[in-house]
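Given next are the chains, with one letter for each unit.
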Amino acid sequence: MARAGLSVDRLIAAAADLADEAGFENVTLSALARRFEVKDASLYSHVRGLADLRTRLALHAGGELIERIASAVAGRAGKDALAAFAGAYRAYALEHPGRYAATQIRIDQSLIADSPAMRRTAEITYGMLRAYGLDEPDLTDAVRLLRSTFHGYCALESTGGFGAAREVQASWDKAVEALHLALTHWPRETPGDEER
C-alpha cells in the first residue's frame, strides 16, 4: 500500500531537487526512497521503475524550462526573441544543472507527442524561427543548431571550461549575435538538394 502523502507529483518534485543537489545520474529509486523514509518498493505504487522516474523528471524539467522561455520571449520577435530565448535557456541550465541534464535524455517519441510541455516547446521554438522565414527542412536544421550551441556553451560554462580572460557573458552575447546572423542569412534548401 502506498504511504500516505506520497504521490507522483511529490516524487517528481523531490527527484528534481535531488537532481540539482546530487546530479541527475544520482537520481535513483533508493535515493528517493531515503528522502521519504520509505522502502524502495513503496515507490512502485507511483512509478514503474527508474526509467519511468527519469522520464517523468525529464518531462517535468522540460515543462519548467519552456515556461521560463515562453515568459521571456512573450511579445518579442527576431533577434530580441532569440536573445530572450537563449538567456532563459542558459539561466535555467546554470541554476538547475540536474534538471537541465534530465532534459537531455532521449525520450520515447510517443511520450513526447502526448506531452503538452513538449508540444509547447516545439510551438515556441518553431514559432520564433518562422519569424526568420524558415520552413522545413530548414526549421529542423536550425533547431539542431540552436540546441547544440546552447547546450555546448552551457555544458562548458557549468564545468569551468572557459579559461580565457574574456568575460563569459560577452562571448555568450557574441554567440547569440552570430546565431541571429546565421538565421537571417540561412542557406535555404531548395528542391532536389537532398538528392545530391
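Just so it is clear, the structure is predicted and the values come from calculations on it, not from any experiment. (Residues numbered from 1 in each chain as written. Predicted model: local features only at pLDDT ≥ 70, side-chain atom pairs only at ≥ 80, totals over all residues. Heavy atoms only, no water.)

Caption draft 1: Looking closely at the packing of aromatic side chains. Applying the stated criterion to the full structure yields six aromatic pairs. Between Phe 85 and Phe 150, the ring centres sit 6.2 Å apart and the planes meet at 35°, which makes this aromatic pair tilted. Of this pair, Phe 85 sits in helix H5 (residues 78-95) while Phe 150 sits in helix H9 (residues 138-158), and the two are 65 residues apart along the sequence. Like Phe 85, the residue Phe 150 is buried in the burial classification. On the basis of an interplanar angle of 45° and a centroid distance of 4.7 Å, the ring pair of Tyr 153 and Phe 162 is categorised as tilted. For Tyr 153, a relative accessible area of 11% corresponds to the buried category. By relative accessible area, Phe 162 is classed as partly exposed at 33%. Here a set of aromatic residues connected by ring pairs shows up, and it is made of Phe 85, Tyr 89, Tyr 100, Phe 150, Tyr 153, Phe 162 and Trp 172. The lysine or arginine in question, Arg 54, covers the ring of Phe 24, its NZ or CZ lying 5.3 Å from the ring centre. (Phe/Tyr/Trp six-rings, centres within 6.5 Å; stacked < 30°, edge-to-face > 60°. Helix = DSSP H or I, 4+ residues; strand = E, 2+ residues; numbered from the N terminus. Buried < 20%, exposed > 50% of the residue type's maximum accessible area, 1.4 Å probe, protein only. Lys NZ or Arg CZ within 6 Å of the ring centre and 35° of its normal.)

Caption draft 2: Main features of unusual backbone geometry. Geometrically, the link from Glu 136 to Pro 137 is a cis peptide bond, its omega value of 0° lying close to zero. For Pro 137, the position within the fold is in the loop between helix H8 (116-130) and H9. Even without being glycine, Glu 37 reaches a positive phi, approximately 55°. Within the secondary structure, Glu 37 is located in the loop between helix H2 (29-36) and helix H3 (40-43). We classify Glu 37 as exposed; its relative accessible area is 67%.

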